[in-house]
Amino acid sequence: MAVFVHHFNECELELEVDGNVSITRRVFPRATTCPNYYNLHLVRELEIRLDSTSVFAGIALSQLSRASYGEDTFPLVRTIHFFLSVYDDLEDKVDESLGSIGTHIADFVQHIRRMAPATNKIRLTLGCNFNGGDSITQNDSGDLVTQLYRTFPNVVHYSLAPRVLGSRLVATVRNLVHLDYYLDNGSCPHLGQLVQQSAASLQYLRIVLYEHFDITGLICHPNGAYVGYPYMHTMVYRVMRAPPNPLPIFKNAKPFASLRHLAFETKYPYGDDTPFRGNAAMLESLEFVMDRSTNKMLGDRKVFTPTSHPKLQHANTIFPIGDIPDHPDVEAASMRFALGIAPHAPVREIGNTDYGETYFTVELSRFYDYSSIQVLIVPRAAVQLWGVVKLISSLPLLSDLHTLLPTLGGMPVGMTSATLPDHVRASYASVGARFRCWRLDGSWRGLSEESAQCVLLLALICPNFDCVALLDGQGGKFMDILEATVYSDAFIQYAPRLLRLVFRC
């Protein structure tokens, strides 16, 4: 079965091709401007969802023919997005008497070309269900890509999101603009070659792997020459099993001189500052794991100075497990370095890579000197209400804060839970005129009335604080606790103000 999704200027029409054309979904935002759904000549973007069997066995082509999708059916289409689900048991489903797999592939792609002759942009997403190896499935997926390249010679933009990476596909693919590669198991021996072959055109690269991948292959040819990516603006690299040792030092390489967005969601893989060279004036967002050796290397090479990255807006520095020691002097030095990477960045994120039931304490006073912060994300930070109040008072632009569930941290002298709201109202003038959202992680600490009290007390002194969000699926339960606390004797007189907070979240 093949599913076609047609995007009109004012509507979307999805047709399911199963021997007949049947309308399965139709969305018309403004009915008066919608074309007749048979006016397929108005379609400008086409999505084709099918499985490998329907292509390789010739089924998809026969469906298209019976549905009268013929020459120039889509004359205005510029972009085609193929979603291909790949199965490993293909040989059992292909009747060779009806033609070879290669013939079916060629005929299908050529038919698509005649249907949409003006196509200049192709996206291909390959899903899979196979056991690994250079199987028939992988090879025939490569043949499909090869046929696309041959049949659409004028296409200037290719995007590829493969989970199948056979040798034929790698040997074919060139001039990719967008590559998103994900593999949750197994190795990827051809990945470096695939990326290098599109170095001159690649703009977006995302690699997500379970096993470590030697990314030396991204910047070094087998002959030792350096590879450059002159147009790459985004690189994301995530590996579940971090490399045991940093890569060799590359003295003169500047492979990513145009990067605007860089994320190493694993242990920093390089032994030097290679990925930061040449892009200081362009980098807008940065995420990477900082261990002590990385801190020292970046400091020694003076990669980050107060004026070195003028466009950096979002900096997320992550500390690996066990790398923030208990000694306060060492912790303070690590935090100062992390914050010093982009002292002017409006979005700051500090975290660690521990996914267990632990957290680290971040003294919120570390952030007082960074008055440009608008969003502060410290999701593993254990905080006390009074520290949060002082933080908001010190950061006039702060609008969004993300921490663990707060605690009161002790009552002021002579106070009780019943008198605390009146005391807070009397003792604190309005603070945080721009503060409006507190995002809380309650996964490591049970929901409690104390945390609810902290949220409500902050709402009494922050005039625009109107959103609290729990990020671990317990939002409904926490809202119940908040509402019950609002109706307690201590808070009931402030209910009109506080209920706005409860019911807007």
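Residues numbered from 1 in each chain as written. Predicted model: local features only at pLDDT ≥ 70, side-chain atom pairs only at ≥ 80, totals over all residues. Heavy atoms only, no water.

A. View of the overall build of the protein. Along the protein, the regular secondary structure elements total 14 helices and 18 strands. Residue burial in the protein is summarised as follows: out of 505 residues, 52% are buried. Restricting to contacts in the protein with at least 6 residues of sequence separation, those with at least 24 account for 74%. Entry remark: accessible area of the protein is about 22,200 Å², with carbon and sulfur atoms responsible for 50%. (Helix = DSSP H or I, 4+ residues; strand = E, 2+ residues; numbered from the N terminus. Buried < 20%, exposed > 50% of the residue type's maximum accessible area, 1.4 Å probe, protein only. Contact = heavy atoms within 4.5 Å. Areas by Shrake-Rupley, 256 points an atom, 1.4 Å probe, with all protein chains shown as cover.)

B. Examining helix α12 (residues 449-461) more closely. When the terminal C-alpha atoms of α12 are compared, their 19 Å separation across 13 residues agrees well with the 18 Å that a helix rising 1.5 Å per residue should span. Among all positions of α12, only S451, A452, Q453, C454, V455, L456, L457, L458, A459, L460 and I461 are buried. (Expected span 1.5 Å × (residues − 1).)

C. How the structure looks around the confidence of the model for the protein. Considering every residue of the protein, the mean pLDDT works out to 75; 71% of them sit at 70 or more. Within the protein, α12 carries the highest mean pLDDT (91), whereas strand β3 (residues 21-27) carries the lowest (33). Ignoring residues within four places in sequence, the model shows residues 16-37, a span with pLDDT below 50, making 48 contacts including any to other chains. Low pLDDT, under 50, characterises residues 354-359; the predicted model gives this stretch twelve contacts beyond four residues in sequence or across chains. (pLDDT = per-residue confidence, 0-100.)

D. Seen up close, helix α10 (residues 385-394). Of all the residues in α10, the buried ones are L385, V388, V389, L391 and I392. Projection of α10 onto a plane perpendicular to its axis shows the buried side chains occupying an angular sector of 165°, all on one side. Turning to α10, the residues buried within the fold contact β15 (375-377), β16 (400-404), β17 (437-441) and α12. (Arc of directions from axis to C-beta.)

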